[in-house]
Amino acid sequence: PQRQRDTLTLLEMQMFSEKPFLFSPELYNQLAATKWLHWGMPSINRDDYPVHEVILSWQDRVLSRLLDPLTLERIRDNELKVPADQDAFTSAELLDRLTKSVLSELETVQPGEYTVRKPAVSSLRRNLQRKYVARLGSLAMGSTAAPADCQSIASVQLRNVNARIAVLLANEQVKLDDYSRAHLLETQGRIQKVIDASLELPRL
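Residues numbered from 1 in each chain as written. Predicted model: local features only at pLDDT ≥ 70, side-chain atom pairs only at ≥ 80, totals over all residues. Heavy atoms only, no water.

(A) Region of the structure containing a nonpolar patch on the surface. Taken together, the side chains of Phe23, Leu27 and Leu31 make up a nonpolar region of the molecular surface, amounting to roughly 250 Å² of accessible area. With respect to the helices, strands and loops of the structure, Leu31 is situated in the loop between helix H2 (25–30) and helix H3 (51–66). Residue Leu31 is classed as partly exposed on the basis of its relative accessible area of 33%. (Patch = residues over 30% accessible without salt bridge, like charges linked within 9 Å, V, L, I, M, F, W, Y side chains within 5 Å. Areas by Shrake-Rupley, 256 points an atom, 1.4 Å probe, with all protein chains shown as cover. Salt bridge = Lys/Arg side-chain N within 4 Å of Asp/Glu carboxyl O. Helix = DSSP H or I, 4+ residues; strand = E, 2+ residues; numbered from the N terminus. Buried < 20%, exposed > 50% of the residue type's maximum accessible area, 1.4 Å probe, protein only.)

Right, here's the structure in full:
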């Protein structure tokens, strides 16, 4: 379990954090889009490097593996293979760690005035958070083959995120920028739709 936790810590630091991608504008301006085109590849419709798209694609690949139904099923089964008096890495711990990592701004945003050039939640983080909340929503709705326990945990995680967003939006000492405020409000709306829909769906 410690190795699993250490691996997740590495992913939190090197994949889900924005710090590894904070290169200088000069470097970003020197990146060029690939000119290689082959059958089976989508056509290239821009000459500059698609920074946000590429970073998010790799982040989403990692999320996809971590939240894959088979991965979650194996973690859940492993809980039975380890005696109850011994430590084990659980699917509940995985989802809790991912939520805290991907949506850490809900706890770390400091009082102050933010602008669209210096937002409370950066564009890279907003992209990642949208993907994660969407995957968490699919999990909570039972749209995947993940274990029912994981669906329940995902639902609780979404409710907690919803409540924490409300607290942040109500904090008068935090003057959010337009990007961050719109992002948080949209996230709230999406989460509420999942919560409302899950109440109407029968759980088997």
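(B) Expanded view of the environment of Leu184. Along the chain, the position of Leu184 falls in helix H9 (residues 178–200). Accessibility expressed as a relative area gives 3% for Leu184, which makes it buried. Dropping the residues within four chain positions of it, Leu184 is found in contact with Leu106, Ile165, Leu168, Leu169 and Leu176. (Contact = heavy atoms within 4.5 Å.)

(C) Looking closely at the packing of aromatic side chains. Applying the stated criterion across every chain, the model contains one aromatic pair. Ring geometry for Phe23 versus Tyr28: centroids 5.8 Å apart, planes at 75°, classification edge-to-face. Take Phe23: its relative accessible area is 44%, and that puts it in the partly exposed class. Accessibility expressed as a relative area gives 22% for Tyr28, which makes it partly exposed. If you follow Arg61 out to its NZ or CZ, it ends over the ring of Trp58, 4.3 Å from the centre. (Phe/Tyr/Trp six-rings, centres within 6.5 Å; stacked < 30°, edge-to-face > 60°. Lys NZ or Arg CZ within 6 Å of the ring centre and 35° of its normal.)

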